Amino acid sequence: MNSSKHTELANHAWSVADLLRGDYKQSDYGKVILPFIVLRRLECVLEPTREKVAAEVVRCKEEQLDPDYFLPRASGHSFYNTSSLTLKSIVGDAGNMAANLQAYVGAFSPNAGEVLEKYEFAQQIRKLDSANLLYQVIGKFTDLDLRPEVVSNHNMGYIFEELIRRFSEQSNETAGEHFTPREVIKLMVSLLIAPDGDALSLPGVVRTVLDPACGTGGMLSAAEEHIKSYNKDATVEVYGQELNPESWAICRSDLMIKGQDPENIAFGNSFSDDGHKRETFDYLLANPPFGVEWKKVKEDVEYEHRTLGDSGRFGAGLPRINDGSLLFLQHMISKMKPVDVKGGGGSRIAIVFNGSPLFTGAAGSGESEIRRWILENDWLEAIVALPDQLFYNTGISTYFWILTNRKDAQHKGKVVLLDARDQWVKMRKSLGDKRKELGDGTGNKPNHIGDITRLYADAVSAASDPKHALHAKVKVFDNTAFGYQRITVERPLKLRFELTEEALAALLASKPVQKWAEERFLPREPELAAKAKARRKLTEDEEAQFRKLADAEVTVLGGALKPLLGSEWATKSEAQVAVRSAMAEAGVPGPAGAPFAKAFRDAVGVRDPEGEVQLLKGGASEPDAELRDYENVPLGEDVEEYLKREVHPHVPDAWIDHAKTKVGYELPVTQHFFVYEPPRPLSEIDAELKALEAEIQALLGEVTE
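So, how was this worked out
Residues numbered from 1 in each chain as written. Predicted model: local features only at pLDDT ≥ 70, side-chain atom pairs only at ≥ 80, totals over all residues. Heavy atoms only, no water. Core = buried A, V, L, I, M, F, W, Y, C linked by side-chain atoms within 4.5 Å. Buried < 20%, exposed > 50% of the residue type's maximum accessible area, 1.4 Å probe, protein only. Helix = DSSP H or I, 4+ residues; strand = E, 2+ residues; numbered from the N terminus. Contact = heavy atoms within 4.5 Å. Pairing = 2+ DSSP bridges. Salt bridge = Lys/Arg side-chain N within 4 Å of Asp/Glu carboxyl O. Axes fitted to C-alpha atoms, helices over the stretch in contact; angles between N-to-C directions. Patch = residues over 30% accessible without salt bridge, like charges linked within 9 Å, V, L, I, M, F, W, Y side chains within 5 Å. Areas by Shrake-Rupley, 256 points an atom, 1.4 Å probe, with all protein chains shown as cover. Left-handed = near helix turned anticlockwise from the far one by under 90°. Nonpolar A, V, L, I, M, F, W, Y, C, P; charged D, E, K, R; others polar. 1 Å grid on protein atoms, 1.4 Å probe; cavity = no way out; pocket = protein on both sides within 12 Å on 5 of 7 lines; lining within 4 Å. Points joined across faces, edges and corners; volume = space filled by probe spheres on them. Phe/Tyr/Trp six-rings, centres within 6.5 Å; stacked < 30°, edge-to-face > 60°.

Asks: How should I be thinking about the nonpolar core in this particular structure?
Replies: General note: in soluble globular proteins, nonpolar side chains tend to be found buried as a group. Judged by nonpolar contacts, the single largest core of 103 residues is most densely connected at Phe36 and Leu101. In terms of residue count, helix α3 (residues 30-46) provides more of this core than any other element does, 11 residues in total. Beyond its immediate chain neighbours, meaning those up to four positions away, Leu101 contacts Phe36, Leu39, Leu87, Ile90, Ile125, Leu134 and Ile138. Within the second largest apolar cluster, 42 residues are counted, among which are Ile374, Leu403, Leu417 and Val669.

Asks: Could you clarify how one ought to interpret the pairing of strand β10 (residues 434-437) in this entry?
Replies: Here is the key point about a regular strand: its side chains alternate between the two faces of the sheet. Direction of pairing for strand β9 (residues 425-431) relative to β10: antiparallel, over a ladder of three bridges. If you follow Val425 over to β10, its bridge partner there is Glu437. The antiparallel pairing of β9 with β10 creates a hairpin that spans two residues between the two strands, and Gly432 there sits at a positive phi of about 65 degrees.

Asks: Help me out: how do you make sense of the pattern of salt bridges in this one?
Replies: One pass over the full model with this rule turns up 49 salt bridges. The residue Asp145 makes a salt bridge to Arg147 at a minimum N-O spacing of 2.8 Å. Note on Asp145: relative accessible area 28%, which makes it partly exposed. Between Lys434 and Glu183 there is a salt bridge; the shortest N-O distance is 2.6 Å. Separated by 251 residues along the polypeptide, Lys434 in strand β10 and Glu183 in helix α12 (residues 182-193) bring together distant segments of the chain.

Asks: Would you explain the pairing of strand β4 (residues 283-286) in this entry?
Replies: Along β4, one buried face is formed by Tyr283 and Leu285 and the opposite face, lined by Leu284 and Ala286, is buried too. Pairing of β4 with strand β5 (residues 348-354) involves four bridges; the strand directions are parallel. When the sheet's bridge partners are listed, Tyr283 is paired in β5 with Arg348.

Asks: I tried to follow the sheet that holds strand β7 (residues 398-404) on my own but got confused; where do I start?
Replies: By definition, the strands of a sheet pair up through backbone hydrogen bonds, in either a parallel or an antiparallel sense. Read from one edge of the open sheet, nine strands run β3-β2-β1-β4-β5-β7-β6-β8-β11, paired in mixed fashion. Every interior strand has two partners, whereas the edge strands, β3 (265-267) and β11 (474-478), have only one. Averaged over all pairs of adjacent strands, the angle between strand axes in this sheet comes to 15 degrees, irrespective of strand direction. Bridge analysis of strand β2 (residues 235-242) against β3 gives three bridges, and the strand direction is parallel. The residue of β3 that forms the bridge with Gly240 is Ile265. Strands β6 (380-385), β7 and β8 (414-419) of the sheet are contacted by helix α19 (residues 366-376), whose axis makes an angle of about 45 degrees with β7.

Asks: Can you help me understand a nonpolar patch on the surface in this one?
Replies: On the surface, Leu682, Ile685, Leu689 and Leu692 cluster together into a nonpolar patch covering about 390 Å² of accessible area. On the secondary structure map, Leu692 appears in helix α30 (residues 682-704). Residue Leu692 is classed as partly exposed on the basis of its relative accessible area of 41%.

Asks: Any chance you could explain the environment of Leu20 here in plain terms?
Replies: Relative to the helices and strands, Leu20 resides in helix α2 (residues 16-20). Overall, Leu20 belongs to the buried group, its relative accessible area being 0%. Not counting residues up to four positions away in its chain, the partners in contact with Leu20 are Tyr29, Val32, Ile33, Leu128, Leu133 and Val137.

Asks: Mind showing me how you'd approach the packing of α3 against helix α7 (residues 97-106) here?
Replies: In helix packing, the relevant descriptors are the interaxial angle and the interaxial distance, both defined with respect to the helix axes. Two numbers describe how α3 lies on α7: the axes approach to 12 Å, and their chain directions differ by 65 degrees. Helix-helix and strand crossings are classified by hand; for α3 and α7 the assignment is left-handed. Of α7, the residues touching α3 (which contributes Phe36, Leu39 and Glu43) are Leu101, Tyr104 and Val105. Residues belonging to the contact of α3 with α7 are distributed by class as follows: five nonpolar, no polar and one charged.

Asks: Where do I start with empty space enclosed by the protein in this structure?
Replies: If a probe as big as a water molecule is rolled over the atoms, it shows which places are left empty. Counted under the stated rule, the structure contains two cavities of 30 Å³ or more. Taken as a whole, the second largest cavity spans an internal volume of roughly 50 Å³. What lines the second largest cavity is simply Pro319, Asp323, Ser325, Leu326, Ser356, Pro357, Thr360 and Glu367. Sorting the residues of the lining of the second largest cavity by element identifies α17 (325-333) and α18 (356-359) as the ones contributing at least two each. Considering only residue class, the lining of the second largest cavity consists of three nonpolar, three polar and two charged.

Asks: Explain the packing of aromatic side chains here, please?
Replies: The geometry of two aromatic rings is summed up by the distance between their centres and the angle between their planes. Evaluated as defined, the whole model comprises 14 aromatic pairs. Taking the centre distance of 5.7 Å and the plane angle of 45 degrees together, the rings of Tyr104 and Phe108 count as tilted. Taking relative accessible area as the criterion, Phe108 reaches 7% and is therefore assigned buried. Ring geometry for Trp248 and Phe267: centres 5.5 Å apart, planes at 65 degrees, overall edge-to-face. You can see Trp248 sitting in helix α15 (residues 245-258) and its partner Phe267 sitting in strand β3, a full 19 residues away along the chain.

Structural measurements only, silent on function.
Given below as structure tokens:
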């Protein structure tokens, strides 16, 4: 079937939109047209075996046999329908159309019925019936010849995907939520599969593909198509999982229409209800939602992380709750095929991310630990920076991450960074936030997809050859280049000591002084002391009395220290001696002990670069938390040498607290491609301003003449 026939059939189905206009929103046209397309295709596929299935239904009833076993065999497919109705007979009985259509749909096997149920087809039937549109809509589809001998499974897939694309692009309010632009998918699949071209050309090749956030199945279809472009006889089994019911139904319908096993598309959340447990795949690809929180599955994910550790999917770490992107990647990595002793097996992964997973999270955070796990296992092959404004629902910059556990020799221990941000053409008409697209060499557009794919294949040699035309667009780094040591740089706490009104008030309000005051008066108040000792609640009056007595003791201590107001001391010991002397002179046995000493220092001590260095018990300098700083030192570099070179020239008394050192990983892709552009000379700007000023004056002169 040629492309014009595809378009003709798609246009026929699309014409139903004219009937729906006014009663349905544009974004809801697909809720009617797609399930009717599925229904009509299934009807055409089952037509040759209708009588055989009907006879088998009778036999199953008479002999009490399991219909779910015998009826698929009779139909010759994984699905069947036990009704004698057809769309043509339904439309011929105008008075009972809605009821008959409901009965017809209800007679499908559970796997097909579940798909139509997720489309909320019963609700659409009622709505069409109440709008008096059911007759016209059914009539449109009875005229559509979708028999397999006329439209093959492969071509039916093209028609269905074309309709999905039209619906997604028709409505900006939903486009992009469950649909990735086709040219982005094409590039992603090319980068994922291109290195395996020779292996895919071998006879009898079988490959499995998984998309754990498959949406309407566009990536799976593209992957299957691309693999078959190398070998039309290749067997490609596609698998997926989708949370959105309508998108799941569309994807599952696509597989049914193409003759693939619809059971391969699981419904539910990939994190809390993995639909492909203990399965592994040759290729995995996904475009998970950007920056979507995983709070709903927090309990399940944290339980698996905590109890299974590295034996589960999320052992490496958990990202912050507001972005589950890296959970998807860990989930996909868990489904890579192991590499055997001969180097066979293994998998390749491609996933679309925004910039956040590249660098969000400091050393030791969940995100950093996940990146560390990936790089230390040598799974990250490349990151490709894409143009912004490529997607329907966001204009932000995006990146492909390509991973594999079977790197070739030239990629082992390396990561390729490829800058494709300038590979785009402007769209004639924006679709949501999508204003740019990747050209594929057709329609007078450059072949960006081919160019990027070729550069990707040639990345290592292009990066090492300064004369290569695209040398500046690709860089290759060792895995360790993205690691760093997060060191804590401490400086000593230096204090001078001064008793001011504020310092005295803070000292008297401190817990050690308040406790001392209670210990002073409670022996004289046995009833209050007994209650306080038993930790029984005081009455309001008792509480007031308690506070009054305590405040009286504190006032006595304050009076003893008041003569020292305005005094300054260079060292802590001098200040302590002065305070003890003042209390002794006033006849007040003031508080003592380590808690009071700390409260005294906190209240009276004043930070001073020339002050006394405070010491810990062992004699080491006490660090000043306010002067604490952090430095990122490249992995492998001696941190003490870094301290001497970078820090000591400015603060010679600084030291590293090695107990707090953490290893982190980040991937600052765009930073490696940054090219400094000096600002324009002031003289040039000044000349331009003067020229503009003269132009304005000339225009004003014309107005006033």
